[in-house]
Amino acid sequence: MRGAIFYSSSYGSTAQYANWISEATGLPVFDAYASAGDPSEYDFLVLGSSVILMRMTLRKWVRANWNTIQQKPVYLFSVTGAAPDDPLIQKWLHASYPDELIARAPHHVLGGRLDLSQFNWFMRVFMFIGAYTKPTKEKRRDMLEGFDRIDRDGIAPVVEWARQIAME
Ligand SMILES: Cc1cc2nc3c(=O)[nH]c(=O)nc-3n(C[C@H](O)[C@H](O)[C@H](O)COP(=O)(O)O)c2cc1C
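Residues numbered from 1 in each chain as written. Predicted model: local features only at pLDDT ≥ 70, side-chain atom pairs only at ≥ 80, totals over all residues.

**Student:** Just checking my understanding: could you explain the overall build of the protein chain for this structure?
**Tutor:** Broken down by element type, the protein chain carries 8 helices and 8 strands. For 168 residues, the compact-globule estimate of 2.2 N^0.38 gives 15 Å, and the C-alpha radius of gyration of the protein chain, at 16 Å, lies within 12% of that figure. When the backbone C-alpha atoms are referred to their principal axes, the protein chain occupies close to 50 × 30 × 30 Å. Considering only intrachain contacts with a sequence separation of at least 6, the fraction spanning at least 24 residues in the protein chain is 78%. (Helix = DSSP H or I, 4+ residues; strand = E, 2+ residues; numbered from the N terminus. Rg over C-alpha atoms; globule rule 2.2 N^0.38 Å. Contact = placed C-beta atoms within 7 Å.)

Below, the structure is given as structure tokens:
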């Protein structure tokens, strides 16, 4: 079977993971919103999204391509500032994607990166104020100081799934 990776990334970390998965599997990789990649040309899909403001940034693309996605095996990965076992991630997932997709697609959470030096003054003020709405000191520190939890080895389950399904 022929597959492809479609991703949405605002600050580059999801793109980085998508490219690593592409290197490891040989699957073509497309920036979902910025390329002309057509998911209907593939038998299975790996869909990667950053999490911004409690939503998957790929959600509009998933909605726009739902008729195609509905018919194919799908693997979801999400890149986030939250810990992989944070129950909020499931909440954000359900608020972003159709229940039917979540029920059948494996989902893997990967650690993201927040580099405050990339931001303009408006975003820095936004993050500073946002930090004080956070419930724990670890989450406040993440927003005030940034973080880098990118882990190339974290892609292993996605790569394994894609290799197996490609052999079917
Ligand atoms: C404006 C903004 C909002 C964010 N909101 C969330 C959020 O609601 N939940 C979360 O877990 N991470 C959040 N993050 C952290 C991102 O998920 C993390 O930085 C991720 O690596 C971004 O992926 P990207 O580099 O592919 O855009 C946010 C980051 C920014 C800059």
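Next comes the rest of the description.
**Student:** I'm lost on the site of the ligand in this one. Help?
**Tutor:** The ligand sits among 18 residues. The nearest are S9, T14, S50, G81 and G112. If you list the elements that add at least two residues to the shell around the ligand, you get helix 1 (13-25), strand 3 (44-52), strand 5 (74-80) and strand 7 (113-114). The element best represented in the shell around the ligand is strand 3, accounting for 3 residues. Taken together, the residues of the shell around the ligand sort by class into 8 nonpolar, 9 polar and 1 charged. (Near = placed C-beta within 6 Å. Nonpolar A, V, L, I, M, F, W, Y, C, P; charged D, E, K, R; others polar.)

**Student:** Mind showing me how you'd approach unusual backbone geometry here?
**Tutor:** Glycine aside, negative phi is the norm for most residues, and most peptide bonds take the trans geometry. At L53, a residue that is not glycine, the phi angle is positive and equals roughly 50°. Residue placement: L53 occurs in the loop between strand 3 and strand 4 (55-56). A positive phi is found at M54, a non-glycine position, where the angle reads about 65°. With 13 C-beta atoms packed within 10 Å, M54 lands in the partly exposed category. (Buried ≥ 20, exposed ≤ 12 C-beta atoms within 10 Å, placed from the backbone.)

**Student:** Honestly, the packing of helix 6 (residues 121-131) against helix 7 (residues 137-145) in this entry has me stumped. Any pointers?
**Tutor:** Two numbers describe a pair of packed helices, the interaxial angle and the distance between the axes. Packing of helix 6 against helix 7 brings their axes to within 8 Å, and their N-to-C directions diverge by 170°. In terms of orientation, helix 6 lies roughly antiparallel with respect to helix 7. Contacts between helix 6 and helix 7 involve M127, F128, G130 and A131 from the first element and R140, M143 and L144 from the second. (Axes fitted to C-alpha atoms, helices over the stretch in contact; angles between N-to-C directions. Parallel < 35°, antiparallel > 145°, perpendicular 65-115°, else oblique.)

**Student:** So what exactly am I meant to see when it comes to the nonpolar core here?
**Tutor:** Generally speaking, a soluble globular protein has its nonpolar side chains buried in company with each other. Residues I5, L45, V46, L47, Y75 and V158 are the most contacted members of the largest nonpolar core, which totals 33 residues. Sorting the residues of this core by element identifies strand 1 (3-8), helix 1, strand 3, strand 5, helix 4 (88-96), strand 6 (107-111) and helix 8 (156-166) as the ones contributing at least two each. Those residues in contact with I5 that sit more than four places away from it in its chain are A18, I21, S22, L27, V29, F30, V46 and G48. (Core = buried A, V, L, I, M, F, W, Y, C linked by C-beta atoms within 7 Å.)

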